[in-house]
Amino acid sequence: SNPNLLSSPIPRIMEVPSTSQQEFEYLFKLLLIGDSGVGKSTLLLSFTSKNFEDLSPTIGVDFKVKHVTIGGKKLKLAIWDTAGQERFRTLTSSYYRGAQGIIMVYDVTRRETFTNLSEIWAKEIDLYSTNQDCIKMLVGNKVDKESERVVTKKEGIDFAREYGCLFLECSAKTRVNVEQCFEELVLKILETPSLLAEGSSGVKKNIFIQKPPEDVTTSSCCSCQLFQSINLTDSTSPPSPVGDDVDARPPLPSPPPHHQSQSESTSLSSNTIMISGRDPDALFSGGGISFLNGSEGAQFSYGYSSFKGKRASMEDFYETSISEVDGQMVAFFGVFDGHGGARTAEYLKNNLFKNLSSHPDFIRDTKTAIVEAFRQTDAEYLHEEKAHQKDSGSTASTAVLLGDRLLVANVGDSRVVACRAGSAIPLSIDHKPDRPDERQRIEEAGGFVVWAGTWRVGGVLAVSRAFGDKLLKPYVVAEPEIQEEEIDGVEFIIVASDGLWNVLTNKDAVALVQDITDAEAASRKLIQEAYARGSTDNITCVVVRFDWSPVLSSDLRTHEQAHQDPKLSQ
């Protein structure tokens, strides 16, 4: 039998809270490839967040970061999810470089996705992979649809033997074998000396050296540790590259902190795999790259970061979504700042863009579609909320990229700001109760605005527009203000919750990240600065950066190199 088909027995898996330290011993880059629609994105989402969503095909490249401990070794996995469509091959081919592990995914219910493994994807590995010791894994997804299966397990085993791959079948939907896919791959990497050496040399030394400023420490023991855990020292200087291949490393978001008691640490066996769950104290970040209009004429990259900060709970949500609507590439970016709980913000993340993209006139009459989708989403949420006695709501700042158009729709006091020719251009105006036109609207509807520490609708809410807040209808509305901006000449946009804008002016925010070419690093830098300036709120930020030059392989190398070389990312 081929030892690659099954490695060591699958270790016991145990989820534990995150530690307060960000240290990791090895950094590995993993790549997901395969035809469009085989479930690469859902497989990655299922592994990193234990959620399942029917996601639209990836357009461009996305990445996520996962921290695991295997056999007592702390690992950081940077996992890249690539588009399967042929028109994105020139973009995705660059991301084979420096990968220690590659997962080829096919759909067991679609014969052509299996056939293309040998005709396309195995050949791409041979052509583009720079690492001769790279570990390959074959994964047959969607085994939950057993009645629709057209590719047998034996066929998968035979392919794996022929191409020297590990092999597993899984279901991203039911999570059967999802963790094992990544764990088996990583275990094999750990058994390969050359890959182990690469992973070790990718780890940055002395990553936790900055002390928190005196004015942000509190009586809580978490304050000092948390400030260090989000790598405030140098958010744009990740680990140094491996050898001469400076573009081998993917972007490296700050990992979540991990709180583990001594008793937990000593009682876990060396054969245990610990998968960290979502920790609300952590700074989460990620991003991706795609094309305007799905073509190679103009490229954009986006990065996001979200941080609980000094609040007792996390009520911010964000969404970054790129999909095709009626044959056109559409990118959605949104930040949703909840109040009175996180229910409304989470609902908006899951439903607002879905309602907008499914509007029958979205392409033909986008502004009208935005207004009607916002109203529809608010009405449907309020209907679902009838059973809840406690009131909650959320702001929404959104940006929609449609061809050469940028449409910003805002409800509340989160904000969108653009940088054009080095200047900060506000693309939304905060909805505050003391804004003269907002106060007039509220009073004409029969409401009132009073001072209660700040100006508030009915003496309760400090924003004049929001989703939800059923007890304050019709004074607090979810009617968006929409601003359209010509995308040509825009360097980048920032979409952020008021946890950022409460302590940073538009001009300050733009100046802070104007020279940071990597969008994900820029988003982390903004959160770092807002926290350092004393923001007491949740802080969430999305940065979208535009590159109007033709997309060449050298541009893609620069994107990854920016995560190794501080001179490029700063």
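Use the structure listed above.
Since we're looking at a predicted model, the values are computed, not measured.

Caption draft 1: Expanded view of the overall build of the protein chain. Each helix and strand counted, the protein chain has 16 helices and 24 strands in total. For the protein chain, the proportion of its 570 residues judged to be buried stands at 58%. At a minimum sequence separation of 6, the contacts of the protein chain that also span at least 24 residues come to 73%. Per element, the accessible surface of the protein chain, about 22,100 Å² overall, is 50% carbon and sulfur.

Caption draft 2: Spotlight on the packing of aromatic side chains. Per the counting criterion, the structure on display carries 16 aromatic pairs. Arranged with centres 6.1 Å apart and planes meeting at 10°, the rings of Tyr 26 and Phe 28 form a pair that is stacked. A relative accessible area of 13% places Tyr 26 in the buried class. An angle of 65° between the planes, with centres 5.3 Å apart, marks the rings of Phe 307 and Tyr 531 as edge-to-face. On the criterion of sequence distance, the pair formed by Phe 307 in strand β11 (residues 299-307) and Tyr 531 in helix α14 (residues 519-532) is long-range, its members being 224 residues apart. The burial state of Phe 307 is the same as that of Tyr 531; both residues are buried. Grouping aromatic residues by their ring pairs yields a cluster made of Tyr 106, Phe 114, Phe 159 and Tyr 163. Note that Lys 310 overlies the ring of Tyr 531, its terminal NZ or CZ placed 5.6 Å from the centroid. Of note, Arg 439 hangs over the ring of Trp 455, and the distance from its end group to the ring centre comes to 5.0 Å.

Caption draft 3: Up close: unusual backbone geometry. In this chain, Lys 473 is followed by Pro 474 through a cis amide linkage whose omega measures 5°. Relative to the assigned elements, Pro 474 resides in the loop between β21 (467-468) and β22 (481-486). Not every positive phi belongs to a glycine, and Lys 142 is a case in point at roughly 75°. Relative accessible area serves as the criterion here: at 19%, Lys 142 is assigned to the buried category. With a phi close to 70°, Arg 175 is a non-glycine residue in the positive phi region. On the secondary structure map, Arg 175 appears in the loop between β8 (166-169) and α5 (178-190).

Calculation rules
Residues numbered from 1 in each chain as written. Predicted model: local features only at pLDDT ≥ 70, side-chain atom pairs only at ≥ 80, totals over all residues. Heavy atoms only, no water. Helix = DSSP H or I, 4+ residues; strand = E, 2+ residues; numbered from the N terminus. Buried < 20%, exposed > 50% of the residue type's maximum accessible area, 1.4 Å probe, protein only. Contact = heavy atoms within 4.5 Å. Areas by Shrake-Rupley, 256 points an atom, 1.4 Å probe, with all protein chains shown as cover. Phe/Tyr/Trp six-rings, centres within 6.5 Å; stacked < 30°, edge-to-face > 60°. Lys NZ or Arg CZ within 6 Å of the ring centre and 35° of its normal.

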